[in-house]
Amino acid sequence: MIVYAESNFVLELALLQEQYEACNTIVSLAEKNQVKLAIPAYSLVEPYETTTRSFKKRQAISEDVRNELRQLGRSAPYGEEATALQELTALFTRSQEEERVRLQGVLNRLLNTSELIPLTSDIIIDSFTHQQNGFSPQDAVVYASVLKHLKGIKNKEKVFLNRNSTDFDDPDVQDTLEDLGCKLLFRFDDGADYIQHRLNS
């Protein structure tokens, strides 16, 4: 079985979000060669952009909070509480570093486990058409990458795990994937259950 995943799969693992255990199960199956994990190369780059935006936002919030606490700390009634709340800004800083380290670890693990779908000129050109059909630029590249890979795969069971139902929960998209023998699932835990069931059947 070939399992396609995208940027949200990477972020789920790196940020330890609600379905990260299901994602970890899928990667473990790939490490044991029980499934083949295929990921668009773009989906290993996009998480850097996402986390960088998040880090910058947290840094700005942290600086604002630090300044407000400094002002409150100068007032006798609030000085003690303001000092206690300084831990909040420390949490922002600590979480950024921990997430950066986890993201790098996840990327290294996926690079050692997955087949990367290269970002070619054909895929970029195809993505322009998908954008005209309503896809965001990022999702258009992911969709074009998966379609390109699917067209070269015969006689294998395929599933595409994608948390982004905004662009992908569309009958035409699902029909296109289905015509290429690929099932689309919008939850990673559903994906892990489906894969385990198919492997055990």
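Conventions adopted
- Residues numbered from 1 in each chain as written.
- Predicted model: local features only at pLDDT ≥ 70, side-chain atom pairs only at ≥ 80, totals over all residues.
- Heavy atoms only, no water.
- Salt bridge = Lys/Arg side-chain N within 4 Å of Asp/Glu carboxyl O.
- Helix = DSSP H or I, 4+ residues; strand = E, 2+ residues; numbered from the N terminus.
- Buried < 20%, exposed > 50% of the residue type's maximum accessible area, 1.4 Å probe, protein only.
- Patch = residues over 30% accessible without salt bridge, like charges linked within 9 Å, V, L, I, M, F, W, Y side chains within 5 Å.
- Areas by Shrake-Rupley, 256 points an atom, 1.4 Å probe, with all protein chains shown as cover.
- Axes fitted to C-alpha atoms, helices over the stretch in contact; angles between N-to-C directions.
- Parallel < 35°, antiparallel > 145°, perpendicular 65-115°, else oblique.
- Left-handed = near helix turned anticlockwise from the far one by under 90°.
- Contact = heavy atoms within 4.5 Å.
- Nonpolar A, V, L, I, M, F, W, Y, C, P; charged D, E, K, R; others polar.

A.B. asks: Explain the pattern of salt bridges to me, please; I cannot follow it from the model alone.
C.D. replies: Two side chains carrying opposite charge are able to pair once their charged atoms lie near each other. The tally for this structure, following the rule as stated, stands at eight salt bridges. Among the salt bridges present, the one from Arg163 reaches Glu18, with a minimum N-O distance of 3.7 Å. One end of the pair, Arg163, is in the loop between strand E4 (158-161) and helix H8 (165-168); the other, Glu18, is in the loop between helix H1 (7-14) and helix H2 (20-31), and 145 residues separate them in sequence. Judged by its relative accessible area of 64%, Glu18 is exposed. Of the charged contacts, one joins Arg109 and Glu31 as a salt bridge, the two residues approaching to 2.7 Å between their closest N and O atoms. You can see Arg109 sitting in helix H5 (residues 86-113) and its partner Glu31 sitting in helix H2, a full 78 residues away along the chain. Residue class for Glu31 comes out partly exposed when judged on its relative accessible area of 40%. Each of Glu12, Glu18 and Arg163 takes part in one network of salt bridges that share partners.

A.B. asks: Would you mind going over a nonpolar patch on the surface with me for this structure?
C.D. replies: Together, Leu119, Ile124, Ile125 and Phe128 make up a nonpolar patch on the protein surface, roughly 360 Å² of accessible area in all. Looking at the element boundaries, Leu119 is found in the loop between strand E3 (115-117) and helix H6 (121-132). Taking relative accessible area as the criterion, Leu119 reaches 42% and is therefore assigned partly exposed.

A.B. asks: Is there a simple way to think about the packing of helix H7 (residues 137-150) against helix H9 (residues 171-179) in this case?
C.D. replies: Any two packed helices are characterised by how steeply their axes cross, that is the angle between the axes, and by the distance between the axes. With their axes 10 Å apart at the nearest point, H7 and H9 run at an angle of 25° to one another. Relative to H9, the element H7 is oriented roughly parallel. Our pair here, H7 against H9, has a crossing hand that is left-handed. Residue-level contacts link Tyr143, Val146, Leu147 and Leu150 of H7 to Val173, Thr176 and Leu177 of H9. Each residue belonging to the contact of H7 with H9 can be placed in one class, and the counts come to six nonpolar, one polar and no charged.

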